[in-house]
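# Observations on the model geometry
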Amino acid sequence: MGQKKDLTGSEKSKIVRYLAEGCSSLKIAKLLKRDHRTIERFIQNSQQGRKKRVDKPRRKITAHELRKVKRAAAKMPLATSLAIFQSCNITGVPKSTRCAILRDMAKVRKAERRPPLNKTHKLKRQDWAKKYLKTDFSKVLWTDEMRVSLDGPDGWARGWIGKGQRAPVRLRRQQGGGGVLVWAGIIKDELVGPFRVEDGVKLNSQSYCQFLEDTFFKQWYRKKSASFKKYMIFMQDNAPSHASKYSTAWLARNGIKEEKLMTWPPCSPDLNAIENLWSTIKCEIYKEGKQYTSLNSVWEAVVAAARNVDGEQIKTLTESMGGRLLSVLAKKGG
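Below: a short report on this structure. Predicted model only: the values in this text are computed from it and were never measured.

### A word on the sheet that holds strand 2 (residues 179-187)
In a beta sheet, neighbouring strands are held together by backbone hydrogen bonds and run either parallel or antiparallel to one another. The mixed open sheet is built from four strands, whose spatial order is 3-2-1-4. If you trace the sheet from one side to the other, it starts and ends with strand 3 (190-196) and strand 4 (233-235), each paired once. Sheet twist, expressed as the mean angle between neighbouring strand axes with direction ignored, is 20 degrees. Pairing geometry for strand 1 (residues 140-149) and strand 2, over eight bridges, is antiparallel. Bridge pairing links serine 149 to glycine 179 in strand 2. Contacting strand 1, strand 2 and strand 3, helix 13 (residues 295-307) crosses the sheet at an angle of about 175 degrees to strand 3.

### As for the packing of aromatic side chains
Taken as a whole, this structure holds 15 aromatic pairs when the rule is applied. Here tryptophan 220 and phenylalanine 228 contribute two aromatic rings whose centre-to-centre distance is 5.6 Å and whose plane-to-plane angle is 80 degrees, an arrangement assigned as edge-to-face. A relative accessible area of 26% places phenylalanine 228 in the partly exposed class. An aromatic cluster of three or more residues is present, and its members are Trp183, Phe195, Phe211, Phe216, Phe217, Trp220, Tyr221, Phe228, Phe234 and Trp250. Stacked on the ring of tyrosine 18, the Lys or Arg arginine 17 has its end atom at 5.5 Å from the ring centre. Lysine 229 extends its terminal NZ or CZ atom over the ring of tyrosine 221, reaching a point 5.4 Å from the ring centre.

### Some remarks on the pairing of strand 2
In terms of burial, strand 2 is largely enclosed, as eight of its nine residues are buried. Sheet topology note: the strand 2/strand 3 ladder contains five bridges and is antiparallel. If you follow valine 182 over to strand 3, its bridge partner there is arginine 196. Once strand 2 ends, the chain turns through two residues before running back antiparallel as strand 3, passing lysine 188 with a positive phi of about 55 degrees.

### Observations concerning the packing of helix 12 (residues 274-285) against helix 13
Taken N-terminus to C-terminus, the directions of helix 12 and helix 13 make an angle of 120 degrees; their axes are 9 Å apart at the nearest point. Comparing the axis directions of helix 12 and helix 13 gives the class oblique. The way helix 12 lies across helix 13 gives a crossing that is right-handed. Contact residues: Ile281, Glu284 and Ile285 in helix 12; Ala301, Val302, Ala305 and Ala306 in helix 13. Its residues placed into classes, the contact of helix 12 with helix 13 shows six nonpolar, no polar and one charged.

Quick notes on the rules
Residue positions within a chain follow its written sequence, with the count starting from 1. Local features are withheld for residues below a pLDDT of 70 in this predicted model, meaning they are given only at 70 or higher, and side-chain atom pairs are given and counted only at 80 or more; totals for whole chains, interfaces and linings count all residues. Note that water and hydrogens are dropped before the side-chain values are worked out from all heavy atoms of the structure. By definition, two strands form a pair when at least two bridges between them are found by DSSP. What counts as a helix is a DSSP run of H or I of at least four residues, what counts as a strand is a run of E of at least two, and both are numbered from the N terminus. Lines fitted to C-alpha atoms define the axes here, with helix axes fitted over just the stretch in contact, and angles between the N-to-C directions of these axes take values from 0 to 180 degrees. Only heavy atoms enter the contact rule, under which two residues are in contact if any of them lie within 4.5 Å. Each aromatic pair joins two rings of Phe, Tyr and Trp (for Trp, the six-membered one) with centres within 6.5 Å, and gets the label stacked for planes under 30 degrees apart, edge-to-face for over 60, and tilted for any other angle. With a 1.4 Å probe rolled over the protein chains alone, any residue whose accessible area is under 20% of its type maximum counts as buried; one over 50% counts as exposed, and the rest are partly exposed. Look at NZ for Lys and CZ for Arg. If either is within 6 Å of the ring centre and within 35 degrees of the ring normal, a charge sits over the ring. Comment on the angle field: the value is read as roughly parallel under 35 degrees, roughly antiparallel over 145, roughly perpendicular from 65 to 115, and oblique elsewhere. We call a crossing left-handed when the near helix sits turned anticlockwise from the far one by less than a right angle, and right-handed when that turn is clockwise. Polar here means any residue outside two lists: the nonpolar Ala, Val, Leu, Ile, Met, Phe, Trp, Tyr, Cys and Pro, and the charged Asp, Glu, Lys and Arg; Gly therefore counts as polar.

Remember that the coordinates give geometry; whether it matters functionally is a separate question.
Here's what the structure looks like:
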């Protein structure tokens with residue numbers, strides 16, 4: 001007598017569905033025209049689940065080898081466990097053991113993201129700090145753009161999930177579901193904006209200048225007194241749309257030129273006070289892993305979060321510039 005075929009994937013799916021409907025194993029066997037014992041065996045195997053893992057004793061390494069691993073891990077912080085052990089000429093150690101040994105002396109962490117500062121960058125940062133060391137930073141308008149997506153930065157949707165509770169379901173969309181580009185400025189204790197860049201517009205020199213004309217100049221700058229305009233310094237970073245000849249000439253025609261337009265050192269987001277404001281706003285709009293369903297809703301959240309930022313918070317940021325400059329000089333541009 002030949003051996004009977006195993007249950008197919010389709011039959012297994014039907015068994016699960018029939019069980020969910022309350023059918024007995026005997027009834028399922030009749031519906032599928034299968035032996036009752038075959039159905040019973042499949043149900044029992046499914047209920048057993050995976051076998052519990054049995055921890056095997058680690059392969060021991062000597063104290064001398066352990067010291068070599070520790071030194072190698074310090075020299076190669078982003079290397080794999082295999083590369084670290086190979087650099088010490090230690091072979092035959094399985095991955096689970098390597099990771100267990102490294103966990104006793106180290107912790108897996110992401111590399112810190114910093115601008116790539118070379119010698120030229122550091123010299124320019126030092127020169128910038130010396131130039132503006134005696135500046136009255138209460139008269140500097142710090143500006144920048146920020147992009148906010150519907151889903152927020154990766155890795156922010158984390159929290160404490162109680163035992164026996166399921167983690168909440170999050171939507172997963174390409175490019176964070178799309179986003180909105182926001183421009184704003186801060187001066188002394190005042191927030192200028194935020195202003196929303198029109199959806200689909202890529203900021204080149206022409207569109208950037210037109211955006212400033214429609215928002216910053218019409219709605220804020222031209223309403224200020226002549227004495228204020230005389231002493232205000234406009235700061236922007238070295239994005240191509242900002243630092244181009246077209247944008248520089250356009251700003252000059254609108255009265256922002258020479259000493260009124262701050263020169264900016266390369267790779268220096270840490271020196272722009274408004275970057276800290278963006279962090280505050282993002283923490284507010286994405287708290288508790290919040291997601292958004294439309295670009296208008298995330299823009300409204302940005303406006304609401306910006307409205308809650310008081311003058312004292314902004315003043316703290318703008319008054320921190322003196323300390324930032326001294327730090328650059330003390331670290332020789334670092």
